[in-house]
Amino acid sequence: MTAPGILPEVLDGAAVGIFGILLSAAFCPIRWTDKKRWALAGCTAGLLALQGVFYFGASPTAAQYLYPLITHLPLYVVLVLLSGQKVWPLVAVLTAYLCCQVRRWAALAVAMFFPQHPLVQPVAELLFTLPLLLLFIRFLAPSMRQLSCYPTSVQCQFGIVPLVSYLFDYITHVYTNLLSEANPAAVEFMFFVCCAAFLCSILRASRVERQRIQMEQLQTSLNLQVTQAMREIEALRLSQQRASISISRTDGFVYSFHKNFPVVFTFLHFFPYQLLV
């Protein structure tokens with residue numbers, strides 16, 4: 001390949017590397033400081049240099065085969081150090097790789113209109129890089145960072161689809177030609193994954209709905225119990241008020257009788273009632 005022909009491919013490789021690194025970092029809950037920003041910038045430069053060494057020193061095919069080891073694995077280690085988490089940086093890297101497919105599909109859609117120009121796809125991917133990166137960071141990254149606060153089991157659930165897509169792409173597209181050769185298993189696999197994911201989502205949604213109904217029933221029962229308890233407390237309070245009013249009236253009558261008829265009150269007080277038995 002001539003120098004003018006290889007230039008778009010090299011630039012596109014660097015662009016997709018920067019795209020994936022920045023997007024993976026944006027997906028992680030990192031408290032950014034100047035030191036961490038410089039660390040990420042140094043990591044980006046080092047990974048691009050390592051890719052260049054394998055691309056020009058060995059071959060583009062070798063660089064593509066070793067891409068998980070020379071890019072994704074070091075990036076995961078750096079994100080673990082920057083974020084302090086272990087599981088979510090892996091999910092972030094896999095999700096960023098999945099988002100890279102949007103660039104590829106957008107470029108393929110453009111290349112369909114120019115089938116005789118092989119450089120259209122890498123140039124289109126290069127042009128789509130910055131707008132898609134800004135869109136993902138603006139709208140997708142905040143939600144991804146919120147998901148990082150979920151339990152590890154939930155984080156793993158969110159990482160299943162990116163992991164399957166990652167393995168599928170490398171097994172059928174990079175390391176083999178199963179997909180381009182229209183191998184039936186490779187062609188039908190993603191449909192199977194979509195079907196399985198859909199069924200799992202239905203089961204999960206059903207379970208969440210059942211839990212919601214149970215919680216609503218429990219809340220209704222608790223509200224009824226609280227209402228009944230409040231009524232009983234109010235009835236007890238009114239009973240105590242009536243009893244206190246009755247006692248007050250009795251005490252008032254005795255006091256008035258003693259004041260107006262002291263002799264009779266003294267006689268009744270000291271009268272030997274036992275003689276009447």
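Check the entry above for the structure.
All values derive from a computational prediction rather than experimental measurement.

Chemist: When you look at the nonpolar core in this model, what are you seeing that I'm missing?
Modeler: Counting 27 residues, the largest nonpolar core has Phe19, Leu23, Phe27, Leu75 and Leu79 as its most contacted members. Of all the secondary structure elements, the ones that give two or more residues to this core are helix H1 (3–27), helix H2 (34–57), helix H4 (67–83), helix H5 (88–111) and helix H6 (120–147). In terms of residues, this core owes the most to one element, H5, which gives 7 residues. Each residue touching Phe27, except ones within four places of it in the same chain, is listed here: Trp88, Ala92, Thr95, Ala96, Cys99, Leu140, Ala141, Met144 and Arg145. Residues Leu94, Tyr97, Tyr166 and Tyr170 belong to the second largest nonpolar core, which totals 6 residues.

Chemist: Looking at this structure, how should I read H4?
Modeler: Owing to its 3.6 residues per turn, the α-helix brings residues three or four apart onto one side. Look at H4: 23 Å from first C-alpha to last across 17 residues, which is about the 24 Å you get at 1.5 Å a residue. Listed in full, the buried residues belonging to H4 are Tyr67, Pro68, Ile70, Thr71, His72, Leu75, Leu79, Leu82 and Ser83. Positive backbone phi, at 80°, marks Gly84, one or two positions downstream of H4.

Chemist: Explain the side chain of Ser148 to me, please; I cannot follow it from the model alone.
Modeler: Relative to the helices and strands, Ser148 resides in the loop between H6 and helix H7 (152–174). You can call Ser148 buried: its relative accessible area is 3%. Polar side-chain contacts of Ser148 include one of 2.4 Å to the backbone oxygen of Arg145. Those residues in contact with Ser148 that sit more than four places away from it in its chain are Pro29, Gln85, Trp88 and Gln155.

Chemist: Would you explain a nonpolar patch on the surface in this entry?
Modeler: A cluster of nonpolar side chains, namely Tyr65, Leu66, Leu69, Leu73, Val77, Leu81 and Tyr175, defines an oily patch on the protein surface of about 680 Å² accessible area. Looking at the nonpolar patch element by element, the count peaks at 4 residues for H4. We classify Leu69 as exposed; its relative accessible area is 56%.

Chemist: Before we go on, may I ask you to explain the packing of aromatic side chains in this structure?
Modeler: Scanning the entire structure with this criterion turns up 10 aromatic pairs. Where Tyr166 meets Tyr170, the ring centres are 4.9 Å apart and the plane angle is 40°; that geometry is what we call tilted. With Tyr166 and Tyr170 both in helix H7 and 4 residues apart, this pair spans about one turn of that helix. Tyr170 carries the same exposure label as Tyr166, and that label is buried. Here the aromatic rings of Phe189 and Phe192 are separated by 6.4 Å at their centres, their planes lie at 45°, and the arrangement is tilted. Linking Phe189 with Phe192, this pair stays in helix H8 (residues 184–260), spanning 3 residues, or about one helical turn. Exposure remark for Phe192: the relative accessible area of 55% places this residue in the exposed category. Taking the ring centre of Phe19 as reference, the NZ or CZ of Arg103 above it sits at 5.9 Å. Of note, Arg138 hangs over the ring of Phe139, and the distance from its end group to the ring centre comes to 5.0 Å.

Chemist: Looking at this model, I keep getting lost on H2. Mind explaining?
Modeler: Over its 24 residues, H2 extends 34 Å from the first C-alpha to the last, a length consistent with the 34 Å expected when each residue adds 1.5 Å. Along H2, the residues classified as buried are Leu40, Cys43, Thr44, Leu47, Gln51 and Tyr55.

Calculation notes
- Residues numbered from 1 in each chain as written.
- Predicted model: local features only at pLDDT ≥ 70, side-chain atom pairs only at ≥ 80, totals over all residues.
- Heavy atoms only, no water.
- Core = buried A, V, L, I, M, F, W, Y, C linked by side-chain atoms within 4.5 Å.
- Buried < 20%, exposed > 50% of the residue type's maximum accessible area, 1.4 Å probe, protein only.
- Helix = DSSP H or I, 4+ residues; strand = E, 2+ residues; numbered from the N terminus.
- Contact = heavy atoms within 4.5 Å.
- Expected span 1.5 Å × (residues − 1).
- Polar contact = N/O pair within 3.5 Å; in protein donor to acceptor, adjacent residues only side chain to side chain.
- Patch = residues over 30% accessible without salt bridge, like charges linked within 9 Å, V, L, I, M, F, W, Y side chains within 5 Å.
- Areas by Shrake-Rupley, 256 points an atom, 1.4 Å probe, with all protein chains shown as cover.
- Salt bridge = Lys/Arg side-chain N within 4 Å of Asp/Glu carboxyl O.
- Phe/Tyr/Trp six-rings, centres within 6.5 Å; stacked < 30°, edge-to-face > 60°.
- Lys NZ or Arg CZ within 6 Å of the ring centre and 35° of its normal.

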